[in-house]
Amino acid sequence: MTKQTFVCPNCNNSSTYTVESSISRYSQDANQNFHHLIIRCDVCEEITYKIFQFQRTYKGSYVPPEITNQEKFMYPFGYLQIEQDLPESIKNYYIEAYNCFKIGTLKGSASMCRATLSAICDDKDSQGKDLKERINNLPLSQRLKDVAKNIKWIGDKTLHNGVDWSQAKWDKSTIEKVMGFIARIIDDLYTQERKANELNKVVSRAGQKK
């Protein structure tokens, strides 16, 4: 029997896996059946825990979760590539924002994204009377500054309970976009800066040999 593959959240490799444990829990509600799966990566040999939701098609049977593909939870949460030169204070907030997002704690993720922006402003010594002004003084394009100020606003409203959640249209896809733009800001301010410095050093060394 051919083994199935997955992207291991521990090593980020596309790998086959060995099933260590597999159990299904049924409910009277056809939509509230869950399959628990513990697997071991065949590359790094680390454990991953997954929960799938599935529908029972008839009494005593169900559609296998690998076919329905309704994955609801995974631990570890996934492989998050972190810029190597990212300061520890920023990294800690960013990872916490990611972890909150992966378990569906959207308010926690939004507030940690705001904290990430504040930490970036601290690291870049961006001055201003408040976080909005400090964001505006970051060396970013105006488009990214505008998005960053919107992320800050979402974080503010989340922290101070300033949102009527019955009316708000924020959902997981909204916070996913927030996380995506935080990654873009980090890339712009840290990754691209590192790569530019590396290229400049190469050119500088070459010039010195002439």
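*Asks:* Sorry, what's going on with the nonpolar core here?
*Replies:* Side chains of nonpolar character tend, in soluble globular proteins, to be buried together. Core analysis: the biggest nonpolar cluster contains 31 residues, and I120 and I185 have the highest contact counts within it. Counting only elements with at least two residues in this core, the list comes to helix 2 (88–102), helix 3 (106–123), helix 4 (131–136), helix 5 (142–159) and helix 6 (172–209). If we ignore the near neighbours within four places in the chain, the residues touching I185 are L117, I120, L140, L144 and A148. Ranked by size, the runner-up nonpolar core spans seven residues in total, among them C8, Y17, L37 and I39.

*Asks:* How should I be thinking about the packing of aromatic side chains in this particular structure?
*Replies:* Any aromatic ring pair is given by two values, namely how distant the centres are and how the planes are angled relative to each other. Enumeration over the complete set of coordinates arrives at one aromatic pair. Judged by centre distance (5.2 Å) and plane angle (85 degrees), the rings of F6 and Y17 are edge-to-face. Linking F6 in strand 1 (residues 5–7) with Y17 in strand 2 (residues 14–25), this pair joins segments that are 11 residues apart in sequence. Relative accessible area serves as the criterion here: at 8%, F6 is assigned to the buried category. Above the face of the Y190 ring, K124 is positioned so that its terminal group lies 4.4 Å from the ring centre. Positioned above the aromatic ring of F101 is the side chain of K172, whose terminal nitrogen or guanidinium carbon lies 5.3 Å from the ring centre.

What counts, and at which threshold
- Residues numbered from 1 in each chain as written.
- Predicted model: local features only at pLDDT ≥ 70, side-chain atom pairs only at ≥ 80, totals over all residues.
- Heavy atoms only, no water.
- Core = buried A, V, L, I, M, F, W, Y, C linked by side-chain atoms within 4.5 Å.
- Buried < 20%, exposed > 50% of the residue type's maximum accessible area, 1.4 Å probe, protein only.
- Helix = DSSP H or I, 4+ residues; strand = E, 2+ residues; numbered from the N terminus.
- Contact = heavy atoms within 4.5 Å.
- Phe/Tyr/Trp six-rings, centres within 6.5 Å; stacked < 30°, edge-to-face > 60°.
- Lys NZ or Arg CZ within 6 Å of the ring centre and 35° of its normal.

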